[in-house]
Amino acid sequence: MCGIVGAVAERNITAILLEGLKRLEYRGYDSAGVAVFTNNGTLERMRRNGKVAELEQALAGEPLAGRLGIAHTRWATHGAPCERNAHPHFSGSDLAVVHNGIIENHEALREQLKGLGYVFTSDTDTEVIAHLLNHKLKDNSDLTAALKATVKELHGAYGLAVISAKQPDRLVAARSGSPLVIGLGLGENFLASDQLALRQVTDRFMYLEEGDIAEIHRDSVQIWDVNGQSVQREAVQYSDGAEAADKGEYRHYMLKEIHEQPAVVQRTLENRLGQDHVLVQAFGPQAKELFAKVRNVQIVACGTSYHAGMVARYWLESLAGIPCQVEVASEFRYRKVVVQPDTLFVSISQSGETADTLAALRNAKELGFLGSLAICNVGISSLVRESDLTLLTQAGREIGVASTKAFTTQLVGLLLLTLSLGQVRGTLEAGVEAQLVEELRRLPARLGEALAMDSIVEKVAELFADKHHTLFLGRGAQFPVAMEGALKLKEISYIHAEAYPAGELKHGPLALVDNDMPVVTVAPNNELLEKLKSNLQEVRARGGELIVFADEQAGMTNGEGTHVINMPHIHDVLAPILYTIPLQLLSYYVAVLKGTDVDQPRNLAKSVTVE
Ligand code: HGA
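Residues numbered from 1 in each chain as written. Predicted model: local features only at pLDDT ≥ 70, side-chain atom pairs only at ≥ 80, totals over all residues. Heavy atoms only, no water.

In the annotation of an unreviewed UniProt entry, the protein is listed under the name Glutamine--fructose-6-phosphate aminotransferase [isomerizing] and assigned to Pseudomonas kulmbachensis. UniProt, in its Subcellular location (unreviewed entry) section for the protein, records the words "Cytoplasm". For the record of the protein, the UniProt heading Function (unreviewed entry) holds the text "Catalyzes the first step in hexosamine metabolism, converting fructose-6P into glucosamine-6P using glutamine as a nitrogen source." (UniProt positions renumbered as here; feature names shortened; annotations may be inferred.)

This is the structure in structure tokens:
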């Protein structure tokens, strides 16, 4: 996804901007560019389609030297990936803008600005910001004041960085729905969409909040909040403990990654939510047109990603009314598949290099699918390169072999896909979409509440320490959550765990139940609760010990052999994401008690790049 870097200093900043862009490369992008207020007093830019290395090479041939500049890596949402559409965008010769996000009212603004005589040189939504700002500067020559007036007219999501040759002592920035952080230096200051881009130059950061506008000079920073009030944002010293490749205060990467989930889910939502709807173009410039034609969905994935796909099937059919099939990639690729007309092929993979999933995508291209979409955590992966559309999860690097944060961010991506398909095809009521968008905004906080149950789950884990077999039960969209819970326990504690839809209990697995086989159940407060309660009685009647993760409003209580762990109440659609958390914690603490190698369990590899 797009990346922003900016700098205002006393030294030449071009190399700093390039290094910042390289540090953001892992997010995936299609083109890159830089604009510098040069030592000759002119604003110049260099853009290239493709990699930052190509931009770097171009700059080696024609160097740009200056003390003020902005740079960008673009992942196209409006207008094809090409040099003409790459950022920075100019209005006239004095004003340069880089933008992350989507401007939803870009068409109306474009018409208005054309009427005022502005000439557009790209197909992007971003260029309207440059011209609108130029227009506002006619009434108000101060760049910050003009930016404040500009953002009032923008609908959608943006992180913006702007420079002007007429006020070359400052960098101005605005944040709404897309993150920005100011890096504080000595006699120099920086800006980026992710602090990782600036770790080379500083370890002190100031995070902009929603609606903030910032004016950044070499030796000062001024910020105004969403109401236009001047505010101070706290400067935070960044400690190495927070590095992705460092466990920090945690004993294992897996535990760290479990606890990162509120933050990475938040990141996965950034740039993708409008006021009351999902921004469909976050899936790419052709998404709207393609989604309008979709009549079926085929999901293909392996392992944990397959479970995410299974949850999505419940969402796609119940919310968007679209028939959906889900299959493990190693089966799909070797089967004679009959493809229904207008079927979207969706692949899910953390690494984007999973051999079977990649092979399935390559086969799918011969089978007459409508198009392909990858839900993936690595922007520069084969799966992303070879798919028509992409939704990048923003889980960051996942080191623990047992996937945790990649799974929950995949679920978020798949829910965004469901809402987008329902919106474009008109099968989802606007009111329902608005409510779910609101619930999604609250999700990071709810995940935080579930994580606060860490020590309760740690205690429950003791029940498993001497057990060899476990059963996981769930109904509806919680059945795949139970499958994922069982997989996690198998992977890292080596306890045999099986998951069943609770209704299947009597059709076989009940024969296994005795007081040596704990039964774990996820029980949100939905219409299936009463049926689930009956299944639990059947287990108790055979002496099975029950561990029930239940909605606090479900009215379930502890009893002999029944351990109820109350979960915060959540909208039923989002329950699979929330209920994943305690199951991850449970498998983690059981593994710790058993003394296994949690982060690198035996016989397993992080990304399965061979068949
Ligand atoms: N809408 C802009 C920026 C896209 C973006 O933020 N991608 O992550 C464009 O298409 O150029």
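S.K.: Just checking my understanding: could you explain the UniProt feature "domain: SIS" (unreviewed entry) in the protein for this structure?
M.R.: As recorded in UniProt, the sites labelled "domain: SIS" (unreviewed entry) are residues 287-427 and 460-601. The span residues 287-427 is 45% helical and 20% strand by assignment, and the distance between its end C-alpha atoms comes to 17 Å. The straight-line gap between the two end C-alpha atoms of residues 460-601 is 22 Å; of that span, 36% is helix and 20% is strand. (Helix = DSSP H or I, 4+ residues; strand = E, 2+ residues; numbered from the N terminus.)

S.K.: Just checking my understanding: could you explain the environment of Thr-73 for this structure?
M.R.: Within the secondary structure layout, Thr-73 lies in strand β4 (residues 66-74). Taking relative accessible area as the criterion, Thr-73 reaches 0% and is therefore assigned buried. Spatially, the C-alpha atoms of Thr-73 and His-99 are 9.7 Å apart, while their sequence positions differ by 26 residues. (Buried < 20%, exposed > 50% of the residue type's maximum accessible area, 1.4 Å probe, protein only.)

S.K.: Looking at this structure, I do not really get the pairing of β4. What am I missing?
M.R.: Each regular strand shows side chains that alternate between the opposite faces of the sheet. With eight of nine residues buried, β4 is to be regarded as a mostly interior element. Relative to β4, strand β1 (residues 3-8) is paired through six bridges, and the arrangement is antiparallel. For Val-5, the partnering residue across the bridge sits in β4 and is Ala-71. Where strand β2 (residues 31-38) lies against β4, eight bridges are found, and the strand directions are antiparallel. (Pairing = 2+ DSSP bridges.)

S.K.: Looking at this model, I keep getting lost on the site of the ligand. Mind explaining?
M.R.: In the region of the ligand, 14 residues are neighbours, and Cys-2, Arg-74, Thr-77, Gly-101 and Asp-125 sit closest. Cys-2 is positioned such that a nitrogen or oxygen atom in its backbone is 3.2 Å from an oxygen atom of the ligand. Asp-125 places a polar side-chain atom, nitrogen or oxygen, 2.7 Å from a nitrogen atom of the ligand. In isolation the ligand offers 320 Å² of accessible surface; the protein chains occlude 99% of this area. Top element by residues in the shell around the ligand is strand β6 (residues 95-103). It accounts for three residues. Residue classes in the shell around the ligand are distributed as four nonpolar, eight polar and two charged. (Near = heavy atom within 4 Å. Polar contact = N/O pair within 3.5 Å; in protein donor to acceptor, adjacent residues only side chain to side chain. Areas by Shrake-Rupley, 256 points an atom, 1.4 Å probe, with all protein chains shown as cover. Nonpolar A, V, L, I, M, F, W, Y, C, P; charged D, E, K, R; others polar.)

S.K.: What should I look at first to understand the pattern of salt bridges in this one?
M.R.: Taken as a whole and judged by the stated rule, the model has 31 salt bridges. Across the pair Arg-441 and Glu-438 runs a salt bridge, and its minimum N-O distance is 3.9 Å. One end of the pair is Arg-441 and the other is Glu-438, both in helix α14 (residues 430-451) and three residues apart, which spans about a single turn. Take Arg-441: its relative accessible area is 36%, and that puts it in the partly exposed class. We classify Glu-438 as partly exposed; its relative accessible area is 34%. Taken together, the salt bridges that share partners define one network made up of Asp-142, Asp-169, Arg-170 and Glu-215. (Salt bridge = Lys/Arg side-chain N within 4 Å of Asp/Glu carboxyl O.)

S.K.: How do you make sense of the packing of aromatic side chains when you look at a structure like this?
M.R.: Geometry of an aromatic ring pair is reported as the spacing of the ring centres plus the angle between the planes. Considering all chains together, one arrives at five aromatic pairs under this definition. Geometrically, the ring pair formed by Phe-283 and Phe-291 is edge-to-face, given 5.3 Å between the ring centres and 65° between the ring planes. We note that Phe-283, like Phe-291, is buried. Measuring from ring centre to ring centre gives 5.0 Å for Tyr-588 and Tyr-589, while their planes differ by 75°; the resulting arrangement is edge-to-face. Each member of the pair, Tyr-588 as well as Tyr-589, carries the same accessibility label: buried. What links up through ring pairs into an aromatic cluster is the set Phe-332, Phe-345 and Phe-369. Geometry around Tyr-29 places Lys-51 over its ring, the cationic atom sitting 4.6 Å from the centre. Seen from the ring of Trp-224, Lys-148 lies directly overhead, with NZ or CZ sitting 3.8 Å from the centre. (Phe/Tyr/Trp six-rings, centres within 6.5 Å; stacked < 30°, edge-to-face > 60°. Lys NZ or Arg CZ within 6 Å of the ring centre and 35° of its normal.)

S.K.: Just checking my understanding: could you explain the packing of helix α7 (residues 261-269) against helix α13 (residues 405-425) for this structure?
M.R.: Between two packed helices, what matters for the description is the angle formed by their axes and the separation of those axes. The geometry of α7 relative to α13 is characterised by a closest axis approach of 9 Å and an angle of 30° between their N-to-C directions. Regarding the angle of α7 to α13, the classification is roughly parallel. Note on packing geometry: the crossing formed by α7 with α13 is right-handed. Across the interface between the two elements, Gln-261, Val-264, Val-265, Thr-268 and Leu-269 of α7 pack against Lys-405, Thr-408, Thr-409, Val-412 and Leu-416 of α13. (Axes fitted to C-alpha atoms, helices over the stretch in contact; angles between N-to-C directions. Parallel < 35°, antiparallel > 145°, perpendicular 65-115°, else oblique. Left-handed = near helix turned anticlockwise from the far one by under 90°. Contact = heavy atoms within 4.5 Å.)

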